[in-house]
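Breakdown of the fold
Single-letter residue listing:
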Amino acid sequence: QKEVEQNSGPLSVPEGAIASLNCTYSDRGSQSFFWYRQYSGKSPELIMFIYSNGDKEDGRFTAQLNKASQYVSLLIRDSQPSDSATYLCAVTRGGYQKVTFGIGTKLQVIP
Amino acid sequence: ETGVTQTPRHLVMGMTNKKSLKCEQHLGHNAMYWYKQSAKKPLELMFVYSLEERVENNSVPSRFSPECPNSSHLFLHLHTLQPEDSALYLCASSQMVTSLEGSYNEQFFGPGTRLTVL
């Protein structure tokens, strides 16, 4: 079983729709959860962090965490072509302990 | 220079060469990382340095040798690499952040070095 699982995609959504990106993890001791965005040929950049069960909203982005189900998701409302990128889910037990990344989901927003 | 910089951006080397990758962070962070990113594989953590001490060595072959002379600089020395070592090598730095939601370790990545081993 992979430590962090994501569907590699591509996930195609029309412009203005909601994009839903999902991630599951195997380590029940995981404490912190991240979503990174990586444009083609660029390095990852952090867009969301979530620590507690429930939803966390930041602009058009909403991260959702369910520790009981070991499930993290990222919703992107009003998707724009500029959101087209690979979205990496990452988890860690905290501190400077190992951050484990998923393979990433490629999102394509169609104009 | 701002953020995290890496040099060179591209490197082609033979299996018998010795080369070094350099990373510099201008963010005042106290931890630095080396990651390997290969096609169709997750980012793989290679090494972590916190306060210039190695705190994580993720079973990396000895042909990769890290060096952290101070909190702003990180090197990855390469020798007798294999073609399967061809990948994007990313450096990152971080600082612990305390927020209302809790403490977390936000990593900032450099642009990476695209390494090709012939």
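Our subject in this report is the structure included herewith.

Reading the values: the criteria
- Residues numbered from 1 in each chain as written.
- Chains lettered and ligands numbered in written order.
- Predicted model: local features only at pLDDT ≥ 70, side-chain atom pairs only at ≥ 80, totals over all residues.
- Heavy atoms only, no water.
- Helix = DSSP H or I, 4+ residues; strand = E, 2+ residues; numbered from the N terminus.
- Rg over C-alpha atoms; globule rule 2.2 N^0.38 Å.
- Buried < 20%, exposed > 50% of the residue type's maximum accessible area, 1.4 Å probe, protein only.
- Contact = heavy atoms within 4.5 Å.
- Areas by Shrake-Rupley, 256 points an atom, 1.4 Å probe, with all protein chains shown as cover.
- Lys, Arg positive; Asp, Glu negative; His and termini not counted.
- Charge placed at Lys NZ, Arg CZ, Asp CG, Glu CD.
- Salt bridge = Lys/Arg side-chain N within 4 Å of Asp/Glu carboxyl O.
- Polar contact = N/O pair within 3.5 Å; in protein donor to acceptor, adjacent residues only side chain to side chain.
- Nonpolar A, V, L, I, M, F, W, Y, C, P; charged D, E, K, R; others polar.
- Pairing = 2+ DSSP bridges.

It is worth spelling out the overall build of chain B at this point. Along the backbone of chain B there are zero helices and 11 strands. The secondary structure elements of chain B, listed N-terminal to C-terminal, are β-β-β-β-β-β-β-β-β-β-β. The C-alpha atoms of chain B give 14 Å as radius of gyration, which agrees with the globular expectation for 118 residues (13 Å, within 12%). Along the longest, intermediate and shortest principal axes, the C-alpha atoms of chain B span 50 × 30 × 25 Å. When each of the 118 residues of chain B is scored for burial, the buried share is 47%. Sequence separation of 24 or more characterises 54% of the internal contacts of chain B that already satisfy a separation of 6 or more. Only carbon and sulfur atoms are counted for the fraction: they give 50% of the accessible area of chain B, which is about 5800 Å². Charged side chains of chain B number 10 positive and 11 negative; the gap between the two group centres comes to 12 Å.

The omega angle of the peptide bond from Gly9(A) to Pro10(A) is 10°, so this bond is cis rather than trans. You can see Pro10(A) is positioned in the loop between β1 (4–5) and β2 (11–14). The omega torsion across Thr7(B) and Pro8(B) is -10°, close enough to zero to call that bond cis. Its location among the elements puts Pro8(B) in the loop between β1 (4–7) and β2 (10–13). You will see that Gln70(A), though not glycine, has its phi angle at about 55°, which is positive. Among the structural elements, Gln70(A) can be located in the loop between β7 (61–66) and β8 (71–76). Among the residues examined, Gln70(A) registers a relative accessible area of 11% and is labelled buried.

What follows covers the environment of Phe101(A). Looking at the element boundaries, Phe101(A) is found in strand β10 (residues 99–101). Apart from the residues within four sequence positions on either side, Phe101(A) is in contact with Val4(A), Tyr36(A), Leu88(A), Cys89(A), Ala90(A), Tyr35(B), Pro42(B), Leu43(B) and Phe109(B).

Counting residues at the interface gives 19 residues for chain A, matched by 29 residues for chain B. There are zero salt bridges connecting chain A and chain B. At the surface where chain A touches chain B, the tally comes to two residue pairs in polar contact (both at pLDDT 80 or more). Looking at the side of chain A that touches chain B, the elements with two or more residues in it are β4 (32–38), β5 (45–50) and β10 of chain A. With four residues, β4(A) is the largest single contributor of residues to the side of chain A that touches chain B. Of the residues assigned to the side of chain A that touches chain B, the class counts are 11 nonpolar, six polar and two charged.

Looking now at the pairing of β7(A). Residues and elements named next belong to chain A. Relative to β7, strand β6 (residues 54–58) is paired through five bridges, and the arrangement is antiparallel. Bridge pairing in β7 places Asp 55 opposite Gln 64. With antiparallel pairing between neighbouring strands as the criterion, β6 and β7 make up a hairpin whose turn holds two residues, including Gly 59 at a positive phi of roughly 65°. Across six bridges, the pairing between β7 and β8 is antiparallel. Counterpart to Thr 62 in the pairing with β8 is Leu 75. Following β7, the chain reverses through four residues before pairing antiparallel with β8; Gln 70 in that reversal takes a positive phi of roughly 55°.

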